[in-house]
Structure formats: structure tokens, C-alpha cells
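An overview of the molecular structure
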Amino acid sequence: LCEPGSGMPEQGNPVESTGTISRGSYTAGAAAAAAFRRRENALREDILAFLGLMRKASALAVGEENTSEAVGKGKARLLLLPKDGKEKSAVHAGRLLEGHRALLVKLPFTEEELAKATGVGRCSMAAVTDLGFAKALMTRLVREFPGQYEESLKAIAARYEKRQRRKKEKPGVRTKKNSAGED
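Residues numbered from 1 in each chain as written. Predicted model: local features only at pLDDT ≥ 70, side-chain atom pairs only at ≥ 80, totals over all residues. Heavy atoms only, no water.

**Considerations on the pattern of salt bridges**
Condition: The working definition used for a salt bridge is a side-chain nitrogen of Lys or Arg within 4 Å of a carboxyl oxygen of Asp or Glu. Helix and strand assignments follow DSSP, with helices taken as H or I runs no shorter than four residues and strands as E runs no shorter than two, numbered in order from the N terminus.
Counting across every chain of the model gives six salt bridges. As a salt-bridge pair, Glu 113 and Arg 44 come within 3.3 Å of each other at their nearest N and O atoms. Of the two residues, Glu 113 sits in helix α4 (residues 111–118) while Arg 44 sits in helix α1 (residues 28–56), which places them 69 residues apart along the sequence. The partner of Arg 140 in a salt bridge is Asp 46, with the nearest N and O atoms 3.3 Å apart. A residue pair is termed long-range when its members are at least 10 positions apart, and Arg 140 in helix α5 (residues 131–144) and Asp 46 in helix α1 qualify at 94 residues.

Encoded structure:
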């Protein structure tokens, strides 16, 4: 049917000496690697899109001036830096956080990627101002980059849980059920 050397695969055993299944010049190993890269890129894009959503929801202060203001007012929960950020920005971020509870997180994205995701010209730093969004972002980062962000997630999750407990325990807050006189 197919002659050796004709460029067409021979009929018979599709397993080559490498142990991968041959599909012409494209092997099953290469297909798995390509699928992994697509999944990895999709998760990275999901995180970047989430940053854009946070900006639209006014839960992300972008740029040094806006970040400084958020930290100064005590609204910042996370201070985010890009992986290729300047040393000057990192030093400035460290000084900003002195005496504040916000966590410093170095993201695995470049300034350019962060700027594009958040719709600004340049993004040397950003501050997440909503605790729920901060927890969701850290959860996504832990899922995509295991071993790098677990401690930050634990700290943010503990703060989030504490806030949720306080909301439930807050005296004098009337719910629909007890405002009607029912208990």
C-alpha cells in the first residue's frame, strides 16, 4: 500500500522507538505538550482578565499615585508588583507598606501585560482594595503557580474569614427576617 521512503506512513505498528504514537510528523507527546501550553496560557489569561475585571469594579488601584493613596488610606489589601518592575518601585512599595497590613505580592506578569490587562499605559504597581477580590486573585495564582503564593493566600483567607465572622456577629444589624419582628 505505502512504500517505504514515499513520505507516507507505513501501515502496521504506529508506535515508534520513542514510545509515542506517530501521526505523521506530529507525535502524541507533542500534542500533549501543546495542550498543556494552551491550558497554561488560558489560566494566565484568566488571571489577567480577572485583574481587568477588578479594575472595572473599582477594586484595583493602578499606578504609583493611586496605589500610594489606597495604601495611605488603609484600603489596600494586596500591593502587586510586576516581575520585571524596577528596583526603585520595589523599594517604594516596601516603604509604602510600613505600618500597614497590606501584603506585597510579586506577580508573574510583566509591566506590559499588567498595563494591557488593566487598560492603562504603564503599570509599575497596583493595589487590590477589596478583600474578596484579593482572596479570589490569590486562589487563582496558587492554582496556576503552585508553591509560590500559598502563604499570601493563607494570610488573605484568614482575614477574609475573620471579616465574614464579624459580619455575622455584628450586633444591631437587622435582617429582613428579624426586621419584621420574627426571630
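From this point, the discussion proceeds with the structure in view.
**Regarding the packing of helix α2 (residues 64–72) against helix α3 (residues 87–97)**
The line we're drawing: Fitting a line to C-alpha atoms yields each axis, with helices limited to the stretch in contact; the angle taken between N-to-C directions then spans 0 to 180 degrees. Note that the term roughly parallel is reserved for angles under 35 degrees, roughly antiparallel for angles over 145, roughly perpendicular for angles of 65 to 115, and oblique for everything else. Each crossing gets its handedness from the near helix: less than a right angle anticlockwise from the far helix is left-handed, clockwise is right-handed. Whether two residues are in contact is decided by their heavy atoms, any of which lying within 4.5 Å being enough. Gly is placed with the polar residues, together with every amino acid not listed as nonpolar (Ala, Val, Leu, Ile, Met, Phe, Trp, Tyr, Cys and Pro) or charged (Asp, Glu, Lys and Arg).
Axis separation between α2 and α3 bottoms out at 10 Å; the angle between their running directions is 20°. Classified by the interaxial angle, the pair formed by α2 and α3 is roughly parallel. Handedness of the α2/α3 crossing: right-handed. Residues Glu 64, Ser 68 and Val 71 of α2 form the contact with α3, whose own contacting residues are Ser 89, His 92, Leu 96 and Leu 97. For the contact of α2 with α3, a count of residues per class yields three nonpolar, three polar and one charged.

**Things to note about the side chain of Thr 118**
What counts is decided by this rule: Exposure is judged per residue with a 1.4 Å probe applied to protein chains only, and the accessible area is read against the type maximum: over 50% gives exposed, under 20% gives buried, and values in between give partly exposed. Here a polar contact is taken to be a pair of N or O atoms separated by no more than 3.5 Å, where protein atoms must pair a possible hydrogen donor with a possible acceptor and residues adjacent in sequence count only if both atoms sit in side chains.
In this structure, Thr 118 sits in helix α4. Thr 118 sits in the buried class, given a relative accessible area of 6%. A distance of 2.7 Å separates the side chain of Thr 118 from the backbone oxygen of Leu 114, its partner in a polar contact.

**Some words on the sheet that holds strand β6 (residues 126–128)**
Our working definition: Strand pairing requires that DSSP identify at least two bridges connecting the strands.
One open sheet accounts for four strands, arranged β3-β6-β4-β5; its pairing is mixed. Only two strands of the sheet have a single partner each, and these edge strands are β3 (60–62) and β5 (103–106). Geometrically, the sheet is characterised by an average inter-axis angle of 20° between neighbouring strands, direction not taken into account. Bridging between strand β4 (residues 78–81) and β5 involves four bridges; their strand directions are parallel. Opposite Leu 78, over in β5, you have Leu 103 as the bridge partner.

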